[in-house]
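Spelled out, the chains give:
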Amino acid sequence: MEIYENYSLKGLNTFGIDARARRILFLRGSTLDEPFRFMYDVEELLKSDFRKAPYMVIGEGSNIVFTKDYEGSLIKIGEAVFHGGSDERYKYLTVGARMLTDEVVRISVGYKYYGMENLSAIPGNIGAAVVQNVGAYGVEIKDLVDTVDAIDLVSGDRRTFSNEECAFGYRTSIFKQQPGRWLIWRVKLRFNTTFTPNLGYKALSDELQRRGIADPTQQQMRDIVTEVRWSKLPRPEEYGSAGSFFKNPVVDEATYLRLKAEHPDMPDAHPLDANHLTLNTYKLSAGWLIDRAGWKGKTLGRAGVWPKQALVLYNTGSCTGAEVVALAKAIQKDVRRQFGVTLEPEAIIV
Ligand SMILES: Cc1cc2nc3c(=O)[nH]c(=O)nc-3n(C[C@H](O)[C@H](O)[C@H](O)COP(=O)(O)OP(=O)(O)OC[C@H]3O[C@@H](n4cnc5c(N)ncnc54)[C@H](O)[C@@H]3O)c2cc1C
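Residues numbered from 1 in each chain as written. Predicted model: local features only at pLDDT ≥ 70, side-chain atom pairs only at ≥ 80, totals over all residues. Heavy atoms only, no water.

## A word on the site of the ligand
- As a structural note, the neighbourhood of the ligand is formed by 33 residues, with Val-57, Gly-59, Ser-62, Pro-123 and Arg-229 the closest of them.
- One nitrogen or oxygen atom from the main chain of Gly-61 is found 2.8 Å from an oxygen atom belonging to the ligand.
- A distance of 2.9 Å separates a nitrogen atom of the ligand from a polar atom in the backbone of Ile-184.
- For the ligand, whose free accessible area comes to 980 Å², the fraction covered by protein is 94%.
- Of all elements in the fold, only β3 (55-57), α3 (126-132), β8 (135-136), β12 (182-191), α6 (218-232) and β13 (240-244) reach the threshold of two or more residues within the shell around the ligand.
- It is α3 that contributes the most residues to the shell around the ligand, four residues altogether.
- In terms of residue class, the shell around the ligand is made up of 18 nonpolar, 11 polar and four charged. (Near = heavy atom within 4 Å. Polar contact = N/O pair within 3.5 Å; in protein donor to acceptor, adjacent residues only side chain to side chain. Areas by Shrake-Rupley, 256 points an atom, 1.4 Å probe, with all protein chains shown as cover. Helix = DSSP H or I, 4+ residues; strand = E, 2+ residues; numbered from the N terminus. Nonpolar A, V, L, I, M, F, W, Y, C, P; charged D, E, K, R; others polar.)

Following this line, the structure appears as structure tokens:
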């Protein structure tokens with residue numbers, strides 16, 4: 001294990017916030033092709049005194065906002081490789097948790113393993129994708145997860161979680177609900193053997209139409225998703241951000257009907273439980289609420305609301321985490337006052 005003190009995090013979070021960590025612990029060894037070295041470092045970590053101060057696992061830092069220096073230990077795992085496999089129903093990829101999610105999509109497209117292409121170009125690694133249950137254009141990582149291998153940082157035990165045991169929900173999982181407990185080191189994903197493009201999102205079908213493609217291939221879907229995404233989001237090399245800063249709020253039917261009556265131009269929402277097994281709830285567009293509250297394109301201090309997508313807060317240059325949080329709070333206050341709806345951050349505020 002490599003240990004560094006007073007470590008700059010500027011290059012370790014996509015917001016580009018200039019905070020420092022009191023300590024950072026790098027676990028060496030790829031989690032798949034050097035498992036002994038990796039597990040040796042895990043043992044060393046578990047025997048160390050890291051639990052005496054705050055600690056957290058960090059991936060690529062694309063969903064974390066540091067509001068001040070981190071007065072504890074950050075844990076970062078080593079590089080990752082993948083293994084393939086199949087049975088009569090599915091194709092499988094087993095990947096080390098540090099592999100970038102987009103790299104996993106690229107490999108799946110190369111192998112013609114189907115179902116992940118709509119998650120193209122999401123920053124961050126696959127271990128964190130499981131923690132957050134990342135999603136885009138009608139697909140969530142939970143649709144692909146077969147098993148997840150994790151180390152219990154409290155007891156030191158190793159455990160394999162089935163998909164059901166991961167308790168996935170909207171941008172959440174058991175790993176997010178038990179912060180500080182699990183270090184994910186390996187993820188097994190299952191893929192379809194036949195290709196059906198997922199065209200539920202209008203932006204994708206519009207782009208296909210614009211290109212004159214009636215029957216897209218998997219590679220074409222990946223290309224289109226990548227292009228449509230980056231046309232709306234700040235390029236990380238130009239402006240720091242954490243992608244969508246807020247979750248789309250889920251409200252009860254009475255609230256949805258009230259808002260729709262007051263704002264007929266609000267985008268339609270569909271009941272989340274189409275089978276009506278539970279009380280109907282509706283997912284609203286947080287981007288629309290923020291836009292209507294007048295925040296799209298505005299800045300507060302050096303933090304701003306992205307002009308092309310109001311759900312994204314960004315760093316206009318050298319902004320601090322405290323400035324991002326101040327902007328987020330101002331938006332939350334206005335949206336609550338105007339619509340009676342509470343916006344919850346999707347990004348992790350540290
Ligand atoms: C431009 C941009 C676009 C984005 N678009 C999307 C999108 O479309 N959909 C979406 O869902 N998200 C999106 N995101 C958010 C982000 O990409 C995801 O949440 C991603 O999965 C975070 O990965 P990371 O490696 O950067 O994790 P980090 O931000 O480093 O960590 C996120 C959380 O995971 C935990 N964690 C990380 N690795 C591990 C591990 N191995 N074991 C246990 N816990 C771990 C951390 O402790 C933290 O709680 C976007 C972000 C950006 C910057």
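After that view, the rundown keeps rolling.
## Observations regarding the sheet that holds strand β16 (residues 299-300)
- Here four strands make up an open sheet; going across it, the order is β13-β18-β17-β16 and the pairing antiparallel. The open sheet terminates on both sides in strands that have one partner only, identified here as β13 and β16.
- When strand β17 (residues 303-305) meets strand β18 (residues 312-315), the two strands line up antiparallel, connected through three bridges. Counterpart to Val-305 in the pairing with β18 is Leu-313.
- Sitting on the sheet, helix α9 (residues 321-339) is in contact with β16, β17 and β18, with an inclination near 40° to β17. (Pairing = 2+ DSSP bridges. Contact = heavy atoms within 4.5 Å. Axes fitted to C-alpha atoms, helices over the stretch in contact; angles between N-to-C directions.)

## Structural notes on the domain arrangement of the protein
- By the assigned domains, the protein splits into domain 1 (2-76), domain 2 (82-191) and domain 3 (240-349).
- Put simply, the middle of domain 1 and the middle of domain 3, counted by C-alpha atoms, are 31 Å apart.
- Summed over both partners, the interface of domain 1 with domain 3 buries about 1,000 Å², with 60% contributed by carbon and sulfur atoms.
- The largest share of the area that domain 1 buries against domain 3 comes from Phe-15, Asn-63 and Val-65, three residues that together contribute 60% of it.
- There are zero salt bridges connecting domain 1 and domain 3.
- Scanning the region where domain 1 abuts domain 3 turns up four residue pairs in polar contact (both at pLDDT 80 or more).
- A breakdown of the residues in the side of domain 1 that touches domain 3 according to their chemical character gives five nonpolar, five polar and no charged. (Domains from an automatic or database assignment. Buried area = accessible area lost by both parts, 1.4 Å probe. Salt bridge = Lys/Arg side-chain N within 4 Å of Asp/Glu carboxyl O.)

## A word on the packing of helix α5 (residues 202-211) against α6
- Interaxial distance between α5 and α6 falls to 10 Å at its minimum, and their mutual angle equals 115°. Put simply, α5 runs roughly perpendicular to α6. Classified by chirality, the crossing of α6 by α5 is right-handed. Contacts between α5 and α6 pair Ala-203, Leu-204, Glu-207, Leu-208, Arg-210 and Arg-211 from the former with Met-221, Ile-224, Val-225, Glu-227, Val-228 and Lys-232 from the latter. (Parallel < 35°, antiparallel > 145°, perpendicular 65-115°, else oblique. Left-handed = near helix turned anticlockwise from the far one by under 90°.)

## Topic: the environment of Thr-299
- With respect to the secondary-structure elements, Thr-299 resides in strand β16.
- For Thr-299 and Val-105, which are 194 residues apart along the polypeptide, the C-alpha to C-alpha distance reads 34 Å.
- Once you skip the residues sitting within four places of it in the chain, Thr-299 turns out to touch Gly-304 and Thr-316.

## Regarding the sheet that holds β12
- The five strands lie next to each other as β6-β7-β12-β10-β11, forming an open sheet whose pairing is antiparallel. Two strands close off the open sheet at either side, each with one partner strand: β6 (82-86) and β11 (158-162). Direction aside, neighbouring strands of the sheet carry axes that sit 20° apart on average.
- As defined by bridge partners, strand β7 (residues 91-96) adjoins β12 across six bridges and the pair is classed as antiparallel. Each bridged residue has a counterpart across the sheet, and for Val-95 the counterpart in β12 is Val-187.
- This element, helix α1 (residues 35-47), spans β10 (145-152), β11 and β12 of the sheet and lies at about 45° to β10.

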